[in-house]
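Below are the chains, spelled out letter by letter.
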Amino acid sequence: MRTFDIVIIGSGIAGGFLARQLRLACPDLGVLVLEAAEAMEDYKVGESTVEVAANYMVRRLNLGTYLYQHQLPKNGLRFFFDSPDKDLPLPRMSEIGSDHMPFHPSFQLERARLERDLVTMNRAAGAEVELGAKVVDVAIDGRGRHTVVYEQGGERREVACRWVCDASGRRHVLFRKLGVKVHKEARLNTAAAWGRYRGVAGLDGVTDAAWRSRARYTSRHLSTNHFMYDGYWIWFIPLAGDLMSVGVVFDKDRIGAGNVPAGALPGPRTRAEFERFLGAHRAARELLEGAELEDFQSYAHLPYHAEQYFSTDRYAVTGEAGAFTDPFYSPGSDFIATANEFITQMILSDVRGDRAGFEEKVAAYDAYYRFKYDSTLRLYERMYPVFGSFELYRLKYLLDFNNYYNLVVWPFMADRVTDVGWIREELKFTDLVLRALSTMGEHFASLASDLRARGEYFAQNEGRFANGLNGVAQLETRLGPAIDERFRREQVDRAYGSVFAALVERRLGEQGLSDRARLVSELPLPQVLVFRDITPERLARLLQRIGERMTKELREELPAAGIERIELGASGVISVTGPAEGTKAHEDALSRARALWDASAGSLAHIAL
């Protein structure tokens, strides 16, 4: 029986990346990759990557040259918003996106080509990769060697190994053999259908001069392009070789077969339904005119999770073999990068004989990965009712994008994600983070319902542009190997304060409220969590507290004025009690109070416009 240090089940990007990382980290490790497919030709969804996965591929896997030579660079995320009748031409749709390439790279992957190339690269690096090798049995022995049985070419073969890593995707080979339950997620009820088209002119084929100049002629085609609707979204992702991935993800609770609003189509399940669904949207229909649909796939349900991902019995899962949330924001490859980083560190500790360090890492990494799943799911849990409104989603994206760069990308780039001490500190804030995500999700969903009732949900869906990169410009020069924890905390508070103040302004109709420094500074994350309901009464109490602080400051600044009280009312009304009206003391106090109240917060909700 042949013996290896690690057997990896599956040679998709999760398994292929893991094999490459292990061979680069420790060339003495014996790695066997068992792939059920006879050839790496299967079209797979998940082509779009974001900054964590890109950093992992470039920095950890040394694939930068390969990616720029054989795949497509990505021009960030881009979002388009339509009319209620889905009839706006593309140049008239409101848009969120960049006007230049983002300052950290990401890529659009033609998965089959990448996975074929990974087989070649991993073999050249010394890993054994067996194609047409279907794993039929796994026996885990926590005290000795594991056994993996596979069938290849009509023969049954058996190997021994110290580690088994499952990268088999939704087949869940290892969990099925171990009897580990994979839970269908009930908090997010989404499905997807997608295909690849050939001959799509792409967004850069649109010739409208004003529309093209709005983004400074940068390539919209290279973005992950999202067409946003109430309850669903449509993606257009370019691939190398004249291919365009096009898909629909929908909330079955909103547009499933039994929940279709009047005049709307149900979520597509078949190829014919998929083509008919896309054809009902003018922008998608015009982009696909003359294009040929090459293939079609669908998933009836997207999110799922397990209870455990890494074990001291020396097995682990990566990629979709363990969990999946939702393709929006393209987090799948980020999950792969994180899991593979964890697995590599656990294996290195184990093979070096550091039992205490190994067990410590397994516990910390598994807890963090479970938290990563839960926090990502809560990010999406109430998003689908918000998607169709430019006005609402611009704020949601602003908050999410800041948190992603600050709380996810930065620690990964600084190699903190594998630091057990750092993880322990982060996990202390688990409850705070999860409550923040749920609370903001509730506020956005509530405002979406309110705007629908007012007939204002689609009010800003035509002719507007927001440069998404402007909202993270303050992080451009900060992200890197050194973490500034104070700055990170300040950015969290600034992002939540800016966005929440904008929600309060819109919900209560208080124009001009959201960029007042005094108000935004009173809304750090902990205070936002206390502000459970956006009501005039809650706002009045907040304004009272701000007025009390301003009263104290102005008494110190103008001691001779006799100021008793500063009051802030609705619609920006300010009153000063104490000095007699008409006197210079009253005029000076009122002028100073107005200056303090009118001072700009530099709100991210305004900078991003």
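Notes on the structure in this doc start here. (Residues numbered from 1 in each chain as written. Predicted model: local features only at pLDDT ≥ 70, side-chain atom pairs only at ≥ 80, totals over all residues. Heavy atoms only, no water.)

## Comments concerning the overall build of the protein
Within the protein, the secondary structure is distributed over 20 helices and 22 strands. Projecting the C-alpha coordinates of the protein onto the three principal axes gives extents of approximately 100 × 60 × 45 Å. Looking at the protein as a whole, 57% of its 609 residues are labelled buried. When contacts within the protein are restricted to residue pairs at least 6 apart in sequence, long-range pairs at least 24 apart make up 75% of them. Carbon together with sulfur atoms contributes 47% to the accessible area of the protein, which is approximately 24,000 Å² in total. (Helix = DSSP H or I, 4+ residues; strand = E, 2+ residues; numbered from the N terminus. Buried < 20%, exposed > 50% of the residue type's maximum accessible area, 1.4 Å probe, protein only. Contact = heavy atoms within 4.5 Å. Areas by Shrake-Rupley, 256 points an atom, 1.4 Å probe, with all protein chains shown as cover.)

## Quick notes on the pairing of strand 13 (residues 224-229)
Along strand 13, six of the six residues are buried, which leaves the element largely enclosed by surrounding structure. Burial along strand 13 is two-sided: the residues Thr224, His226 and Met228 and Asn225, Phe227 and Tyr229 are all buried. Pairing between strand 13 and strand 14 (residues 232-239): five bridges, direction antiparallel. In the strand pairing of strand 14, phenylalanine 227 is matched with isoleucine 234. The loop that links strand 13 with its antiparallel partner strand 14 comprises two residues; one of these, glycine 231, has a positive phi angle of about 100 degrees. (Pairing = 2+ DSSP bridges.)

## Topic: the environment of serine 223
Within the secondary structure layout, serine 223 lies in the loop between helix 6 (209-214) and strand 13. Those residues in contact with serine 223 that lie beyond four places of it in its chain are Asn75, Gly76, Arg78, Gln108, Phe236 and Pro238.

## A look at the nonpolar core
Generally speaking, a soluble globular protein has its nonpolar side chains buried in company with each other. Judged by nonpolar contacts, the single largest core of 173 residues is most densely connected at Phe310 and Tyr393. Ranked by the residues each element gives to this core, the list is headed by helix 12 (residues 390-413), at 14 residues. (Core = buried A, V, L, I, M, F, W, Y, C linked by side-chain atoms within 4.5 Å.)

## Some words on the layout of surface pockets
In this structure, the largest pocket encloses a volume near 1,200 Å³. If you go around the largest pocket, you meet 49 residues; those closest to its centre are Asn403, Tyr404, Leu407, Val408 and Val433. Going through the elements one at a time, helix 2 (51-60), helix 10 (332-351), helix 11 (355-381), helix 12, helix 13 (420-427), helix 14 (430-454), helix 15 (485-508) and helix 17 (525-530) are the ones with two or more residues in the lining of the largest pocket. In terms of residue count, helix 12 provides more of the lining of the largest pocket than any other element does, eight residues in total. Here the residues of the lining of the largest pocket are counted per class, giving 29 nonpolar, nine polar and eleven charged. (1 Å grid on protein atoms, 1.4 Å probe; cavity = no way out; pocket = protein on both sides within 12 Å on 5 of 7 lines; lining within 4 Å. Points joined across faces, edges and corners; volume = space filled by probe spheres on them. Nonpolar A, V, L, I, M, F, W, Y, C, P; charged D, E, K, R; others polar.)

## What about unusual backbone geometry?
In this structure, tyrosine 329 takes a positive phi of about 70 degrees despite not being glycine. When you line up the elements, tyrosine 329 lands in the loop between strand 19 (315-317) and helix 10. On the accessibility criterion, tyrosine 329 (12% relative accessible area) is buried. Even without being a glycine, aspartate 415 presents a positive backbone phi close to 60 degrees. Along the chain, aspartate 415 falls in the loop between helix 12 and helix 13. On the basis of relative accessibility, which here comes to 34%, the residue aspartate 415 falls in the partly exposed class.

## Quick look at the environment of arginine 424
One can find arginine 424 in helix 13. The class for arginine 424 is partly exposed, based on a relative accessible area of 46%. It is 9.3 Å that separates the C-alpha atoms of arginine 424 and alanine 367, two residues lying 57 residues apart in sequence.

## Overview of the packing of aromatic side chains
Scanning the model with the defined rule gives 40 aromatic pairs in all. Ring geometry for tyrosine 232 versus phenylalanine 277: centroids 5.1 Å apart, planes at 75 degrees, classification edge-to-face. Here the residue tyrosine 232 occupies a position in strand 14, and phenylalanine 277 occupies one in helix 8 (residues 271-279), the gap between them amounting to 45 residues. No difference in accessibility class separates tyrosine 232 from phenylalanine 277, as the two residues are buried. (Phe/Tyr/Trp six-rings, centres within 6.5 Å; stacked < 30°, edge-to-face > 60°.)

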